Protein chains: 2
Amino acid sequence: MSDLLSSIKIEVNPLIYLKDPESSDLGRKILSTSLTMIDELGMEHFTFRKLAKELKTTESSIYRYFESKHKLLLYFYNWYWAWLEYKIVFGTNNIEPSSSKLKKAIEIICQPIKNEKAERENISFSLRSLINIVISESSKAYLIKEVDEENKAGFFLAFKTVVKRLVKIVHEIDPNYPHAHTLVSTCIEGILHQYYFARHLPSLSDVSKDSDQLADIFFHIIYNNLKQQGK
Amino acid sequence: MSDLLSSIKIEVNPLIYLKDPESSDLGRKILSTSLTMIDELGMEHFTFRKLAKELKTTESSIYRYFESKHKLLLYFYNWYWAWLEYKIVFGTNNIEPSSSKLKKAIEIICQPIKNEKAERENISFSLRSLINIVISESSKAYLIKEVDEENKAGFFLAFKTVVKRLVKIVHEIDPNYPHAHTLVSTCIEGILHQYYFARHLPSLSDVSKDSDQLADIFFHIIYNNLKQQGK
DNA sequence: TCTTAATTAAAAGTAATACTATCAAAAACG
DNA sequence: CGTTTTTGATAGTATTACTTTTAATTAAGA
């Protein structure tokens, strides 16, 4: 997989894969093709057999990279949040006051959702598919019986790091707000789910499919709960 | 399955089952045993074969009631939200002002989570297991490729109805708030996820496993976004 | 109570999934 | 050029998610 700037590589926890898929041609094909296949079929209907057929390779070759499709999902999940963290760190750098920083961070979270074409980065795979997968499938990455072991292995770290970043900004605005983790994780998940709802269960949402209000709505949901200090 | 008051029956969309599981002994056993098994094993590891073994019956007998384990999950999902709606309607009746009504409704959503033993209702199955399933598995009920067809068939109606109830209360407090559906659905899901996070991914939450702050936190998240009219 | 219809059990079978193992062929690399 | 690494081909296993058929059992109606 490629990266945000051509010189920076998104690192994914090596415990997630058996063999680094970025290290070979087949590995990269596994990533890019499985991404669009999972987007099209959904996790339930996606299988390594179908992927192997599509790639004109064999199941056993794929299993050399990932021990299960669940691990493959974790790979995408971590890649996405690591990439987004990078964008947030860069995009909010030097922004003042903290409320604007928060706004910007939320916009970055909503941005790839809003419009893939805004992306002019050299990413070698379908960012649109990656986002769709994060929206529709990533809850399945942690809503499993094995969650505690996998958490210990650091499989959810990238997402937790993004939450931590936002919490830090929230605490710059209001150091005394006691529920920043709850507020932030609820809103990040909320953003993703609202996008899903807008598409599939519209009565659970007020935004239309292609609207760009989400960032604004969620900025206010957070901001209205904080007592601004200073600025 | 039983009910809140002994005279009232929770109705589940009949398209979800092939044969009403409440109508026979085996059906009721399927419900109560699968409930605890899904709670223990998780959806991924739960199978009709294992259930049949536990019940000393056969797979084909179970398939006469539910065409898949997904439908069984939908059954529990709908039962739960239909039951909760009932509790909300009763529990918030005659409460004034609307802000107190909102508070009460959120408490009802959090209450079974908080403490199963507070329940003194004649429910013939494990409410604790049902709640665990709603928390850990119910996202999987709608994060699927078939969501649009299933939505058309009304499989998510019970949840949507609860959201609608809360939206109505929110609009009593502030008729002009334009994002009530987003706010309410985000918070209801947020409550469930926070409980999961508190248990399994505590760095995404500020509440401890057995705390009862959730209702308060989420009441304020909603309330602070509303401009109170009159009372 | 006898008959009939509905329900469940038993057994077997199918197609697909989620893997694992072995070994040979082909690239790549030093 | 030889060796290590990577891939392909083939096969196999255990389990899942069902379906089908037939026989036995139970319940319900006349």
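Being a predicted model, the structure only gives us computed values, none of them experimental.

Cut-offs applied
- Residues numbered from 1 in each chain as written.
- Chains lettered and ligands numbered in written order.
- Predicted model: local features only at pLDDT ≥ 70, side-chain atom pairs only at ≥ 80, totals over all residues.
- Heavy atoms only, no water.
- Helix = DSSP H or I, 4+ residues; strand = E, 2+ residues; numbered from the N terminus.
- Buried < 20%, exposed > 50% of the residue type's maximum accessible area, 1.4 Å probe, protein only.
- Contact = heavy atoms within 4.5 Å.
- Areas by Shrake-Rupley, 256 points an atom, 1.4 Å probe, with all protein chains shown as cover.
- Axes fitted to C-alpha atoms, helices over the stretch in contact; angles between N-to-C directions.
- Parallel < 35°, antiparallel > 145°, perpendicular 65-115°, else oblique.
- Nonpolar A, V, L, I, M, F, W, Y, C, P; charged D, E, K, R; others polar.
- Near = heavy atom within 4 Å.
- Polar contact = N/O pair within 3.5 Å; in protein donor to acceptor, adjacent residues only side chain to side chain.
- Expected span 1.5 Å × (residues − 1).
- Least-squares fit on C-alpha atoms with pLDDT ≥ 70 in both.
- 1 Å grid on protein atoms, 1.4 Å probe; cavity = no way out; pocket = protein on both sides within 12 Å on 5 of 7 lines; lining within 4 Å.
- Points joined across faces, edges and corners; volume = space filled by probe spheres on them.
- Buried area = accessible area lost by both parts, 1.4 Å probe.
- Salt bridge = Lys/Arg side-chain N within 4 Å of Asp/Glu carboxyl O.
- Phe/Tyr/Trp six-rings, centres within 6.5 Å; stacked < 30°, edge-to-face > 60°.
- UniProt positions renumbered as here; feature names shortened; annotations may be inferred.

1. Things to note about the overall build of chain A
No. 1: Across its full length, chain A holds eleven helices and zero strands.
No. 2: Secondary structure elements of chain A occur, N-terminal to C-terminal, as α-α-α-α-α-α-α-α-α-α-α.
No. 3: When burial is assessed residue by residue, chain A has 59% of its 231 residues classed as buried.
No. 4: A fraction of 70% describes how many contacts in chain A between residues 6 or more apart in sequence connect residues 24 or more apart.
No. 5: On chain A, roughly 9900 Å² of surface is accessible, and the fraction owed to carbon and sulfur atoms is 49%.

2. Brief notes about the packing of helix α6 (residues 127-137) of chain A against helix α10 (residues 180-200) of chain A
Describing two packed helices takes the angle between their axes plus the distance from one axis to the other.
Residue and element names in this part refer to chain A.
No. 1: α10 packs onto α6 with a crossing angle of 95° between their chain directions and a minimal axis gap of 8 Å. The angle between α6 and α10 falls in the class roughly perpendicular. Judged by residue contacts, R128, N132, V134, I135 and S136 of α6 engage L192, Y195, Y196 and R199 from α10.
No. 2: Within the contact of α6 with α10, the residues separate by chemical class into five nonpolar, two polar and two charged.

3. Re the protein's contact with DNA strand D
No. 1: Surrounding DNA strand D, one finds 18 residues, the nearest of these being A:K19, A:T57, A:R64, A:Y65 and B:Y63.
No. 2: Of all atoms in DNA strand D that approach within 4 Å of the protein, 51% are sugar or phosphate atoms.
No. 3: Between A:S60 and DNA strand D, the recorded distance is 3.4 Å, taken from a side-chain N or O atom to a base nitrogen.
No. 4: In this structure, a phosphate oxygen belonging to DNA strand D sits 2.5 Å away from a side-chain N or O atom of A:Y65.
No. 5: Taken together, the elements giving at least two residues each to the surface near DNA strand D come down to α3 (59-63) of chain A together with α2 (48-55) and α3 (59-63) of chain B.
No. 6: For the surface near DNA strand D, the element with the most residues is α3(B), which contributes three residues.
No. 7: By residue class, the composition of the surface near DNA strand D is three nonpolar, eight polar and seven charged.

4. A word on helix α9 (residues 157-173) of chain A
For an α-helix the count is 3.6 residues per turn, leaving residues at separations of three or four pointing the same way.
No. 1: Look at α9(A): 25 Å from first C-alpha to last across 17 residues, which is about the 24 Å you get at 1.5 Å a residue.
No. 2: Those residues of α9(A) that fall on the buried side of the exposure criterion are A:A158, A:F159, A:K160, A:V162, A:V163, A:L166, A:V167, A:I169, A:V170 and A:I173.

5. Points about the protein's contact with DNA strand C
No. 1: Lining the immediate surroundings of DNA strand C are 18 residues, of which A:Y63, B:K19, B:T57, B:R64 and B:Y65 lie closest.
No. 2: Taking A:E59, its side chain carries an N or O atom lying 3.4 Å from a base nitrogen of DNA strand C.
No. 3: Here B:Y65 contributes a side-chain N or O atom positioned 2.9 Å from a phosphate oxygen of DNA strand C.
No. 4: Only α2 (48-55) and α3 of chain A together with α3 of chain B provide two or more residues apiece to the surface near DNA strand C.
No. 5: By residue number, the principal contributor to the surface near DNA strand C is α3(A), which donates three residues.
No. 6: Split by residue class, the surface near DNA strand C holds three nonpolar, eight polar and seven charged.

6. Focus on the relation of the copies chain A and chain B
No. 1: For the pair chain A and chain B, the relating rotation is 180°, the translation along its axis is 0.0 Å, and the fit reaches an RMSD of 0.0 Å. Interpreted geometrically, this transformation is the action of a two-fold axis. Closest to the rotation axis within chain A is the C-alpha of A:N224, separated from it by 3.0 Å.
No. 2: When the interface residues of chain A are mapped onto chain B, 100% of them again lie at the interface, so the same face is used by both copies.

7. Here's the deal with the layout of surface pockets
No. 1: Considering only enclosed or pocket space, the largest pocket measures out at about 730 Å³ in volume.
No. 2: In terms of lining residues, the largest pocket is bounded by 25 residues, among which A:E44, A:K140, B:M43, B:E44 and B:K140 are the most central.
No. 3: Sorting the residues of the lining of the largest pocket by element identifies α1 (25-45) and α4 (69-92) of chain A together with α1 (25-45) and α4 (69-92) of chain B as the ones contributing at least two each.
No. 4: Across the lining of the largest pocket, the residue classes break down as seven nonpolar, five polar and 13 charged.

8. Let's talk about the interface of chain A and chain B
Many authors give the size of an interface as the accessible area that is lost as the parts come together.
No. 1: Taken together, the contact between chain A and chain B spans 51 residues of the former and 51 residues of the latter.
No. 2: When the two sides are added together, the surface that chain A and chain B hide from each other amounts to roughly 4200 Å², 57% of it contributed by carbon and sulfur.
No. 3: Applying the counting criterion to the chain A and chain B interface returns zero salt bridges.
No. 4: Linking chain A with chain B are 32 residue pairs in polar contact (both at pLDDT 80 or more), by the criterion used here.
No. 5: Here the side of chain A that touches chain B is composed, by residue class, of 21 nonpolar, 20 polar and ten charged.

9. Let's talk about the packing of aromatic side chains
Residues and elements named next belong to chain B.
No. 1: Following the criterion strictly, the structure yields 30 aromatic pairs over all chains and no others.
No. 2: Between the aromatic rings of Y80 and W83, the centroid separation amounts to 5.8 Å while the plane-to-plane angle is 50°, which identifies the pairing as tilted. Taken together, the positions of Y80 and W83, both in helix α4 and three residues apart, correspond to about one turn of that helix. In this structure, Y80 and W83 share a single accessibility class: buried.

10. A short note on the UniProt feature "DNA-binding region" (unreviewed entry) in chain A
No. 1: When the UniProt feature table is mapped onto this chain, "DNA-binding region" (unreviewed entry) is found at residues 47-66 of chain A.
No. 2: Between the end C-alpha atoms of residues 47-66 of chain A the distance is 12 Å, and the span holds 65% helix and 0% strand.

11. Considering unusual backbone geometry
All names here are of chain A.
No. 1: In this model, E96 is joined to P97 through a cis peptide bond whose omega is -5°.
No. 2: Mapped onto the secondary structure, P97 falls in the loop between α4 and α5 (98-114).
No. 3: Not every positive phi belongs to a glycine, and N94 is a case in point at roughly 70°.
No. 4: By the secondary structure assignment, N94 is in the loop between α4 and α5.
No. 5: Owing to a relative accessible area of 70%, N94 belongs among the exposed residues under this scheme.

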